[in-house]
Structure formats: structure tokens, C-alpha cells
Amino acid sequence: MEDSVQHSAVTPSKSRLARTIAKVLHVRAAAGLSPIDGFQKVKSEEKKRNTKLHDHLKVDLGNGNHRKSFEKINEKYRNIVALEAVLAKIFSSISSIKAAYAELQLAQFPYDADGIQSSDQVVVSELKLLSELKQCYLKQQFDPSPDRALLSAEVKEQNSVLKTYEIMCKKLESQLKLKASEITFLTEKLEESKRENRLLEKRLNSSGQLSMLDNLHMSGLNASHFVPVLRHAVRSIRSFVKLMVDEMQSSGWNLYAAVNMIHPDVEYWKQEHICFGFESFVCREMFDSFHYPNFSLPNESLPNEENRQRLFFERFNELKSLRGKDYLAQKPKSTFGKFCRAKYMRIVHPKMESSFFGNMYQRNLINSGEFPETPFFTSFTEMAKRVWLLHCLAFSFDPIPSIFQVKRGSRFSEVYMDSLSDEAFLQSNNIENKPGKNEPAVAFTVVPGFKIGKTVIQCQVYLSRP
């Protein structure tokens, strides 16, 4: 039996699978394993792994039928390979159709007539091939060289997959270019909007807003002249506060901790309302000593009361049409220059300046009698100029307007106050109607108020939760 099996293993006419099986049988016979019913005894684990193979090897070797059994196995193997070849052709055709469809989509935009026609032809030819494969399968007409067909189908499928990826890359590149052009367009629109905003802000904040006061006479001063100058100053204060808060955020400040140092234990209705806390600090420092001539700056002489009113009115007219930094460049040792130095030192703490700019350059330059030309100081100078203008105009009145602010915890009064947090009124309406329970209270004053004779200009306050 060993000779017979060995002879079969070396017979040239047998297939590769048959030779492999014969070698396995030969090795087991040489190892001295006892045959049982024409089969070699194997271990239980090998039997589990090779159950399918043993089913094919149930042949009667003792009766000399092994050659026919190998031929049956070889025929089954060829059928399996042929079926695999058919399946491989089907999948390769499907991959080709997918690639052609992707190419067809790509050719739609931008429109490519040749690309569309070429993709359509590929789809039609592949559908025809699928139809032919179906007929061949039904008629059991398989490829005579299935191994070669398998390799050819695999190559075709890989080429189709590669083509699909290339088309997807082109599509993504096209989308990327489109997005890039959109980004460029939107960036240009953003820059244009910024330019327009800067122009509008410049117009809004420019001294042209005070053109109504060009032909103003000191004898005709009244509250209607004071109010636009005050609003002019408040806008510049808010612009500077916004810049300061942006610098704080860029420097990694904890805004809540910082504003809590200004007004402890205040609950803000909205997150963005903390800017009111910083604005109240800047207003408090800028308007401190407002009711004293020249903000009570040291070493500043004043004329007698008869000429004092005219002096401040002349200062008002002199400065209102100029930019703050231009005036400082012309007169760095003026009273306004001293005012800018004093207020900058009070508002911008050394640690704040160091965290914003990484050095004390601006502070040192101001202390030496010069003024920096940085955007931050330019914004501060414009704010200081408008507060100084309001101060000069106030001391041009007779009698001089008085300034006031409201203490924390005070009841809200519509006569003297203007609320910056309307949420307090909405909240109070939802609380049970009890005396003293639903009336909003003042958390802090943001912008001070003024009294000019019998006219009251309301202060702006932030209301806390009732």
C-alpha cells in the first residue's frame, strides 16, 4: 500500500492537491501508524481540523480505487476554483462599476462630456459582462484556466479600487479648493466688515459728534449740551474696557476672580455682564475728583473764579477737535498730559501691564514724561480726552453740575437711575408679592449721574437679584 501511495504521489498526471494528500499519507505510513479501514489513525484534534478533508478521502485503498478518488477530489477542487474565479470576476466587475460611477459623478461638475461618455461605456460593458457570467454559471461553462482568471480578476479589482481612490482624491481636492476659495471670500468679507466697522466706530467716536457745539457760547450752556459730551465719553470708556478685557483674556486672567476683587459677591445675570464690573471700575477711577477743578491735580494753579469759567471753556474748545494723542504730542507737559499720567497709573496696575505686554515699557515711558504710541495707550488717551472734555465743559457751567453715584443695596429709582440689567425686573415679577421682596436693588454704579440745576441725568446701575 505504501508503494502504491508513493507511486501516486510522484505521478506527473496528478494535480497539486492530489500530490499533497499523497505526501501526507506517505509520511503517516512511514511513521508506523496503523491503518484502520483504509485510513490512517489521527489524533482527535487533527480529526476536528481535517474533517472536511477526511470526508473526501473515504476511499477504498485496499480495492485499488484510490486513483478514481483522487480524480474526484481533483475535479471538486477544479470546480471550487472555477466558482471562485466566477465570484472574483463578479466582484471585480462590481468594483469597476463603482469606479466608473464615481468617475461619472466627478465628470458632472465641472461638466466633462468625454468623461461622462467614457464612464457610461464602462458601466454598460461591465453590466454585459455580469450578464455573461450569469449565463456561464447557469450553463456550468467555467473558465478553463481558473487560476489565471483569479489573478486577472484580482488585478482588475485592485485597479478599480485604486481608480476609485484616485477619483475620491480628485473630488476631495476639488472640494478643498472650493472651501479654500470660500474661506478667501469670507476672509475678504470679514476684513471689509472690519474696515466698515472701524470707519463707523471712527465716525461714531470722532469729534465730529461734537460739531453741534462749534458755535457754542458760554452764556448759552445748558443740559442739552452736556448730555452728548457725556455719551461721547461713555462710548470711549466702553471701547477701552473692551480692549482691556480682551487683553486680560489673552493673558490668561480669571475674569470672574478679577471682577470679584472690584465688586465682591455680585451675581451677574449673564456671563457677558461682568464687563459692567470692569466698566464701573474704570468710570470710578476716571471720574474720581471730577467735581474738583483739574481733578485736584497737584501743582496746578488756577485763576480766580471770575476767569476760571472762561479758562475751562477755552480748554474745551481747544481740545474737542483734536485727537488725544496729537494734543499730547504737541503739549506733553500740559494739564491734560498730567491728567493722563495720573489716571493711567491708577487704572493700569504694574502687574496688569506686565501681564499684558511682558514688560513695563509704557509705564516707564510715561513716568519719564513721554507717551507711548501703542494701540492700548491710544485707546486710553482717547477715553481720557473725552472725560477731560466733559470736565472742562462742566466747569464752564454756572453753577457747576454735581456728580453722584448710588451705594450698593439702594432701592432702584427711575428718577435717578437707568438699569443696565433688565433681567432684574423680569425676575422680580416672578417673586411672591411681598413688601421689600420683589424690588431690585443696586449692586453697583457703572456710570455716575449728574445734576445740572433741576435737570437730572440718570446714573447707570447694575441691579442684583432681589
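Quick note: structure is the one above.
This write-up is about the structure you can find in this document. Remember, predicted model here, so these are calculated numbers, not experimental data.

## Quick word on the packing of aromatic side chains
Phase 1 of the analysis: For the structure on display, the rule yields 28 aromatic pairs.
Phase 2 of the analysis: Ring geometry for Tyr-344 and Phe-377: centres 5.5 Å apart, planes at 65 degrees, overall edge-to-face. Residue Tyr-344 is located in helix H13 (residues 335-347), and its partner Phe-377 is located in helix H16 (residues 375-394); the two are separated by 33 residues in the primary sequence. Accessibility classification places Tyr-344 together with Phe-377 in one group, the buried group.
Phase 3 of the analysis: Measuring from centroid to centroid gives 5.3 Å for Tyr-344 and Phe-380, while their planes differ by 80 degrees, and the two rings are edge-to-face. With Tyr-344 in helix H13 and Phe-380 in helix H16, this residue pair connects regions lying 36 residues apart in the sequence. Of the two residues, Tyr-344 and Phe-380, neither departs from the other in class, the shared state being buried.

## A look at the pattern of salt bridges
Phase 1 of the analysis: Following the criterion strictly, the structure yields 12 salt bridges and no others.
Phase 2 of the analysis: The residue Glu-126 makes a salt bridge to Lys-156 at a minimum N-O spacing of 3.1 Å. On the criterion of sequence distance, the pair formed by Glu-126 in helix H6 (residues 113-138) and Lys-156 in helix H7 (residues 146-205) is long-range, its members being 30 residues apart.
Phase 3 of the analysis: Judged by its relative accessible area of 9%, Glu-126 is buried.
Phase 4 of the analysis: Two residues, Arg-238 and Glu-279, come together in a salt bridge whose shortest N-O distance is 2.6 Å. In this pair, Arg-238 sits in helix H8 (residues 223-250) while Glu-279 sits in helix H10 (residues 274-286), placing the two residues 41 residues apart along the sequence.
Phase 5 of the analysis: Take Glu-279: its relative accessible area is 4%, and that puts it in the buried class.

## Some words on helix H11 (residues 305-319)
Phase 1 of the analysis: Here H11 is 15 residues long and its end C-alpha atoms lie 22 Å apart, about the 21 Å a rise of 1.5 Å per residue gives.
Phase 2 of the analysis: Buried within H11 we find Phe-312, Phe-313, Arg-315, Phe-316 and Leu-319. Projected onto a plane normal to the axis of H11, the buried residues spread over an arc of 155 degrees and lie on a single side.
Phase 3 of the analysis: Elements that come into contact with the buried residues of H11 comprise H8, helix H12 (324-330), H13 and H16.
Phase 4 of the analysis: At the N-terminal end of H11, a side-chain oxygen is found 3.1 Å from the backbone nitrogen of Asn-307, two or three residues along, and the residue is Asn-304.

## Points about a nonpolar patch on the surface
Phase 1 of the analysis: Together, Leu-83, Tyr-137 and Leu-138 make up an exposed nonpolar region whose accessible area comes to about 300 Å².
Phase 2 of the analysis: Of note, Tyr-137 is situated in helix H6.
Phase 3 of the analysis: Looking at Tyr-137, the relative accessible area reads 44%, which means it is partly exposed.

## Describing helix H14 (residues 350-357)
Phase 1 of the analysis: Met-352, Glu-353 and Phe-356 are the residues of H14 that are buried. Projected down its long axis, H14 carries its buried residues within an arc of 95 degrees, all on one side.
Phase 2 of the analysis: Contact partners of the buried residues in H14: H8, H13, helix H15 (361-367) and H16.

## Some remarks on the side chain of Ser-419
Phase 1 of the analysis: Mapping Ser-419 onto the fold places it in strand E4 (residues 417-419).
Phase 2 of the analysis: Taking relative accessible area as the criterion, Ser-419 reaches 10% and is therefore assigned buried.
Phase 3 of the analysis: A distance of 3.1 Å separates a polar atom in the side chain of Ser-419 from the backbone nitrogen of Ser-421.
Phase 4 of the analysis: Look past the residues within four positions of Ser-419 in its chain and what remains in contact with it is Phe-412, Phe-425, Val-461 and Leu-463.

## Quick word on the sheet that holds strand E5 (residues 442-447)
Phase 1 of the analysis: On the basis of which strands lie adjacent, the open sheet formed by three strands has the order E4-E8-E5 and mixed pairing. Both edges of this open sheet fall to E4 and E5, since each of them pairs with a single strand only. This sheet shows a mean twist of 40 degrees between the axes of neighbouring strands, independent of strand direction.
Phase 2 of the analysis: Direction of pairing for E5 relative to strand E8 (residues 459-463): antiparallel, over a ladder of four bridges.

Cut-offs and rules
Going along each chain's sequence as written, the residues are numbered from 1 onward. The model is predicted, so local features are restricted to residues of pLDDT at least 70 and side-chain atom pairs to those at 80 or more, both for listing and for counting; the totals for chains, interfaces and linings are taken over all residues. The basis for every side-chain value is the complete set of heavy atoms in the structure, and neither hydrogens nor water enter the calculation. Two aromatic rings, drawn from Phe, Tyr or Trp (for Trp, its six-membered ring), form a pair once their centres lie within 6.5 Å of each other, and the interplanar angle then sorts them: stacked below 30 degrees, edge-to-face above 60, tilted otherwise. Helix and strand assignments come from DSSP, with helices taken as H or I runs of at least 4 residues and strands as E runs of at least 2, each series counted from the N terminus. For every residue, the accessible area (1.4 Å probe, protein chains only) is compared with the maximum for its type, and the residue is labelled buried under 20%, exposed over 50%, or partly exposed between those bounds. When a carboxyl oxygen of Asp or Glu is within 4 Å of a side-chain nitrogen of Lys or Arg, the pair counts as a salt bridge. Here the expected length of a helix is defined as 1.5 Å per residue gap, with one fewer gap than residues. As used here, the arc belongs to the directions running from the helix axis to the C-beta atoms. The contact rule is simple, with two residues in contact once any of their heavy atoms fall within 4.5 Å. Side-chain atoms alone can form a polar contact between residues adjacent in sequence; in general such a contact is a pair of N or O atoms within 3.5 Å, and within protein one must be able to donate a hydrogen while the other accepts it. Patches draw on residues past 30% relative accessible area with no salt bridge. Two like charges within 9 Å are joined, as are two nonpolar side chains (Val, Leu, Ile, Met, Phe, Trp, Tyr) within 5 Å. Reported accessibility uses the Shrake-Rupley method at a 1.4 Å probe radius. Residues are deemed covered only where the shown protein chains occlude them. Note on pairing: DSSP must find at least two bridges between two strands before they are called paired. In this description, a line fitted to the C-alpha atoms serves as the axis of each element, helices being fitted only across the stretch in contact, and the angle between N-to-C directions of two axes falls anywhere from 0 to 180 degrees.

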